[in-house]
Amino acid sequence: EIDLGDTVSTIGGSFAFTDAGEDSDGYVVFLVTRDPVYLLQQHYMPIHFTISRTTWTIDVWNNGTMTTVLSGSFSPSLAANTDYYAQARISGNAIYAELPDGTTRVARHAYVATNGGNWADMELFANTASTATKPTYSEFWADTRPVDAMELPGVGFFPTDAQLVN
C-alpha cells in the first residue's frame, strides 16, 4: 500500500490467473482507503474492486458497512494464463470501471465522493487458498490527478443505460 498524499482518483493493474484451482475462487483486489489497511477500524473505502475469473464487484465501505455499487460476471470466464488489465476511476460521486473483458461500467454513489482516501492498495485473496485459482499481478498503479469524464474511453459525459447503474 502507498499513501499518495492526496485523494486517489485512479487505481488499477495488470494481472493473470493460473489454470489451477476453482474458477470462482481466487481474486485480485484494488482498494482505496482513508487510512493504512493495518489501521482500518471503521473501513471507509470509496473503492473495493474485486475480480475473479468469473465475477467482479465494486463495493464502497462506510463506517464498516459494505454496499455493492457495481457487479457482474464474465461469460465466458477469463482465460487462464492470460494477461488482463482493469482499473477504476473516480470523478465526484461516480466510479468508472474498465473491466478485463474490455467493457466499461459506471455507477454513482454518495460514499464515493465523501469517503475518498489517499491510500492505494492491492491484494490477492482466496476463500480457500489451497484450492483457489492463483492470481498474480504484473503491474499496479494509482493516481491522484482529477478524472475528466469526457475523456473516459467508451463512457464520456453521457453513459449508455447498459453502462450506468444508479
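Residues numbered from 1 in each chain as written. Predicted model: local features only at pLDDT ≥ 70, side-chain atom pairs only at ≥ 80, totals over all residues. Heavy atoms only, no water.

## Notes on the overall build of the protein
Put simply, the test is: What counts as a helix is a DSSP run of H or I of at least four residues, what counts as a strand is a run of E of at least two, and both are numbered from the N terminus. Each residue is placed in one exposure class: buried if its accessible area under a 1.4 Å probe, protein chains only, is under 20% of its type's maximum, exposed if it is over 50%, and partly exposed if it falls in between. For this analysis, residues touch if any pair of their heavy atoms sits within 4.5 Å. Throughout, the Shrake-Rupley method with a 1.4 Å probe supplies accessible areas, and for residues the shown protein chains are the sole cover considered.
Scanning the protein from N- to C-terminus turns up one helix and 12 strands. Written out in order from the N terminus, the α and β elements of the protein read β-β-β-β-β-β-β-β-β-α-β-β-β. Per-residue burial over the protein gives 46% buried out of 166 residues. For the protein, contacts bridging at least 24 residues in sequence account for 64% of all contacts bridging at least 6. Within the structure as shown, the protein displays about 8,000 Å² of accessible surface, and the carbon and sulfur contribution to it stands at 50%.

## Describing the packing of aromatic side chains
Selection criterion: For Phe, Tyr and Trp, where Trp contributes only its six-membered ring, two rings pair if their centres lie within 6.5 Å, and the inter-plane angle classes them as stacked under 30 degrees, edge-to-face over 60, or tilted in between.
Applying the stated criterion across every chain yields a total of seven aromatic pairs. Look at Phe-15 and Phe-17: their rings are 5.8 Å apart centre to centre, the planes differ by 75°, and that puts the pair in the edge-to-face class. For the pair Phe-15 and Phe-17, a shared accessibility class is recorded, and that class is buried. The rings of Phe-15, Phe-17, Phe-30, Phe-49, Tyr-84 and Tyr-137 are connected pair by pair, giving a single aromatic cluster.

## Things to note about the environment of Ile-95
Within the fold, Ile-95 resides in strand β8 (residues 94-98). On a C-alpha basis, the gap between Ile-95 and Ala-113 in space is 9.5 Å, while along the polypeptide they are 18 residues apart. Residues contacting Ile-95, with those up to four places away along its chain left out, are Pro-46, Ile-47, Ile-58, Val-60, Val-69, Leu-70, Ala-88, Arg-89, Arg-105, Val-106, Ala-107 and Val-112.

## Observations regarding the sheet that holds strand β10 (residues 119-125)
Strand-to-strand pairing in sheets goes through backbone hydrogen bonds, with the strands running parallel or antiparallel. Basically, it comes down to this: Two strands pair under a simple rule: DSSP has to find at least two bridges between them.
Read across the open sheet, the six strands follow the order β1-β10-β3-β4-β5-β6; overall the sheet is antiparallel. With partners counted over all chains shown, the strands left at the sheet margins are β1 (2-3) and β6 (65-73), one partner each.

## Observations regarding the pattern of salt bridges
The condition that has to hold: Basic side-chain nitrogens of Lys or Arg form a salt bridge, by our definition, when they fall within 4 Å of a carboxyl oxygen of Asp or Glu.
Applying the stated criterion across every chain yields a total of two salt bridges. Between Arg-89 and Glu-98 there is a salt bridge, and its shortest N-O distance comes to 3.0 Å. Grouping residues by exposure puts Arg-89 and Glu-98 together as buried. A salt bridge links Arg-145 to Asp-143; the nearest nitrogen and oxygen atoms lie 2.5 Å apart.

## Points about the side chain of Asp-121
To keep it simple, the criterion reads: The positive count covers Lys and Arg only, the negative count covers Asp and Glu only, and His and the chain ends enter neither.
With respect to the helices, strands and loops of the structure, Asp-121 is situated in strand β10. Arg-34 is the oppositely charged side chain nearest to the buried, salt-bridge-free Asp-121, at an N-O distance of 16 Å. With sequence-adjacent residues up to four places away left out, Asp-121 is seen in contact with Glu-1, Ile-11, Val-29, Phe-30, Leu-31, Val-37 and Phe-140.

## A look at unusual backbone geometry
The peptide bond linking Ser-75 to Pro-76 adopts the cis configuration, its omega dihedral lying at 5°. Along the polypeptide, Pro-76 turns up in the loop between β6 and β7 (84-91). Residue Asn-63 is not a glycine yet carries a positive backbone phi of 55°. Its location among the elements puts Asn-63 in the loop between β5 (55-62) and β6.

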